[in-house]
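What follows is each chain in one-letter form.
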Amino acid sequence: MVRKIHFLLIVTTIILLPACINKNSIAERAPHWFDHYSAFHKKEYHAFFASRLDSVPDTLDQSAGLINQFYKDNNYEPYWTLRGIQESRIDTLLLHLANADEHGITDTFFGYPAIAQTLERLKNHQTKNDSSIYDTLCNLEMKLTDAYLRYVEALTYGATDPKRANGGKWLMTNLQADTAFICQALQDLKDLPSALKEHQPKSHEYRVLQKELKRLRPLQDSVVTAIPEQVVFKGAQSNALKSVCKRLKLTGELPKSFRDTTVLTDKMLAGINKFRRNNAIPESDSLDIETITKLNRPISYYVDKIAVNMERLRWQVTPAKQDTFIAVNIPDFTLKTIVDGKTVFQTRICCGKTQNPAVDPSRTKNGLVKAFKAESPLLHSEISRLVLNPEWSIPYDILKNEYYYKLCRSNTGVVNRERLYIKDARTGGRVDPESIDWTQVSQNNIPYRLIQTSGRYNALGQIKFDFPNSESVYLHDTNNKGAFKRRVRALSHGCIRVENPFELAAIIYGINEYDSLKVDQLNMLVGMEPISQAGIKFLEEKQKRDSIRRASMTEEELAASVTPKQLKPTGISLKHKMPLYIEYYTCFVGSDDQIQYREDIYYKDSNILYLLKSPQKI
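Please read these numbers as outputs of a predicted model, since none were measured by experiment.

## Some words on the packing of helix α6 (residues 132-157) against helix α8 (residues 179-187)
Logical step 1: As a packed pair, α6 and α8 sit with axes 11 Å apart at the nearest point and diverge in direction by 120°. Classed by the angle they form, the pair α6 and α8 counts as oblique. Crossing of α6 against α8: the hand is right-handed. Facing α6, whose interface residues are Thr-145, Tyr-148, Leu-149, Val-152, Glu-153, Thr-156 and Tyr-157, α8 presents Phe-181, Ile-182, Ala-185 and Leu-186.

Here it is in structure tokens:
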């Protein structure tokens, strides 16, 4: 996308411009059909083109300034309309623009229809054979150059703005086309076929999605008989199964050679369960209503999913992933840990709450859906600190919108039940719960803060993973383990709950080169038993010391010592920080190279589709 830049960037442009100078490859003769335009004279058109460029006012627009300077530094020679029409050059570009749907982008995005219409009018001699031909050719020249730059930029950095596409909750930094990129792209016009090939995305995942998009796109308008919604058990017979076979062949879970059947055989059930795995549906020995409902989705559903996620893959997040990192995929409700290029750990997560935008129409503006407040933000950061036995400082919004009503009904009851304590928001000092009449406290100006003490009952569980971010979210354990049994786990206020957090911590300990004794000592702080010999010996010696100490206690001291104590929060600063990416992919390639489809729980896919299908002004 063409973007505004600061005046200082123009200064940089001037310094870099010599590199933009492009000696045109050998120009071809204009095609025979152009002989009709006898009013065209090369020198006259050259002069007209130069005067048109000189009449364009100086601009801070990044690509416009570079395009004009590119032509000036090439002796004002056109590239596409030199000698009238450079047909092979134009055809090479237009072939790529016409096939932009192979990348999930409409050709209108690059202004292809208008360009093709102009060429068609020229070929059919519908353009006046007078001096106005120069104006037509000049406009065509600029449209083609702009379309070329839009195309290579879209394939290199994405065709859309990630922040707009994600409704604002995009905290990552992504690379964008800059002066150097545009300058190099213009220079690469000397070998147009190579330039267009070079900018094609090359990652394995992108190529797999692209291949599937190419297979499915011709089928998206296919009319397929809807499968009747009924339960069919293994070995049972149903005429609906023939339709199931046909649909599974379309989606790819059954080979085309599979013979349609009316009996739910083992082989057919294997295809159905493969479809379920690819769509996050629990496997079973029967055909159920949910599976049929999802089998009945139109092929356009898959085409759109693939197109949207190919665009996400084109966004160049910086810093890029290296060999070791953590990746959370919100729609898949999973966290993966990659170490030295290999997935070593995967677990379920719960993420921020969602809301259907239809509930609040004000969230949709100019065709785009704004992110819901409680959504987990998409971000890159680094886990820099772990906290064992964390306390939970309840966010003000939660205090105001949730706890306020509880406290008005039962002040000390809530405090005791949830093991909270109260602080004065101004002084930070503790406040006696019984001294507060919450019915006299303004909900819009609460002068107190609630903190939940450490322990297994704590909402953050027994470990928290801190990383810098502007929304004050983090990864953490939870006291609500039952939530991980749900399939849709968008439950939190934005933080990411991790099902097996201590397995994740063990990996981070390993990266930080903690020995087995130190790991055991840390785990013992949260009540875990040691597993190493050094840890076991350490615990035995500690127990001996505690036994000797208790032997010297009075009865009163001994009674007090067996009273459960609050676990002390312990912070662990990491020498080797762990990169973290919280991402959003509703379609991705699984470990077995099968394409996975997930529900768009945050309603973001429609934003990208809208932007990809929006024609750009050229």
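## Focus: the side chain of Asn-278
Logical step 1: Mapped onto the elements of the fold, Asn-278 is located in helix α12 (residues 266-278).
Logical step 2: Residues within four places of Asn-278 in sequence aside, it is in contact with Glu-253, Gln-594, Ile-595, Gln-596, Tyr-597 and Arg-598.

## Some details on the pattern of salt bridges
It is possible for side chains bearing opposite charge to pair when their charged atoms get close.
Logical step 1: Using the criterion set out here, one finds 27 salt bridges in the structure.
Logical step 2: Residues Arg-487 and Glu-290 are paired through a salt bridge, measuring 2.6 Å at the closest nitrogen-oxygen approach. Of this pair, Arg-487 sits in the loop between β16 (475-476) and β17 (490-492) while Glu-290 is found in helix α13 (residues 289-295), placing the two residues 197 residues apart along the sequence.
Logical step 3: With a shortest N-O distance of 2.9 Å, Asp-397 and Lys-373 are connected by a salt bridge. With a gap of 24 residues between them, Asp-397 in helix α15 (residues 396-409) and Lys-373 in the loop between β9 (368-369) and β10 (379-388) connect regions that are remote in the sequence.

## Things to note about the packing of helix α2 (residues 42-55) against α6
Think of two packed helices as two axes; the pair is described by the angle between the axes and how far apart they sit.
Logical step 1: Direction vectors running N to C along α2 and α6 enclose 60°, while the axes themselves pass 10 Å from each other. Taken together, α2 and α6 sit at an angle that is classed as oblique. Remark: the crossing between α2 and α6 carries right-handed chirality. For the pair α2 and α6, contact is made by Glu-44, Tyr-45, Phe-48, Phe-49, Arg-52 and Leu-53 and by Tyr-134, Asp-135, Leu-137, Cys-138, Asn-139, Glu-141 and Met-142, respectively.
Logical step 2: Taken together, the residues that form the contact of α2 with α6 break down as eight nonpolar, one polar and four charged.

Rules used throughout
Numbering of residues starts from 1 in every chain and runs along the sequence as written. The predicted nature of this model means local features are confined to residues of pLDDT at least 70 and side-chain atom pairs, given and counted, to a pLDDT of 80 or more, with totals for whole chains, interfaces and linings taken over all residues. Excluding hydrogens and water, the side-chain values take into account all heavy atoms of the structure. To obtain an axis, a line is fitted to C-alpha atoms, over the contacting stretch when the element is a helix, and the angle between two such axes runs from 0 to 180 degrees between their N-to-C directions. For the purposes of this entry, the term helix denotes a DSSP run of H or I that reaches at least four residues, the term strand denotes a run of E that reaches at least two, and both are numbered from the N terminus. Roughly parallel refers to an angle under 35 degrees, roughly antiparallel to one over 145, roughly perpendicular to one between 65 and 115, and oblique to any angle outside these ranges. Note on convention: the crossing is left-handed when the near helix lies turned anticlockwise from the far helix by less than a right angle, right-handed when the turn is clockwise. In what follows, a contact means two residues having at least one pair of non-hydrogen atoms within 4.5 Å. Throughout this description, the term salt bridge denotes a Lys or Arg side-chain nitrogen within 4 Å of a carboxyl oxygen of Asp or Glu. Gly is placed with the polar residues, together with every amino acid not listed as nonpolar (Ala, Val, Leu, Ile, Met, Phe, Trp, Tyr, Cys and Pro) or charged (Asp, Glu, Lys and Arg).

Fair warning: the whole summary comes from geometry, so function is off the table for now.
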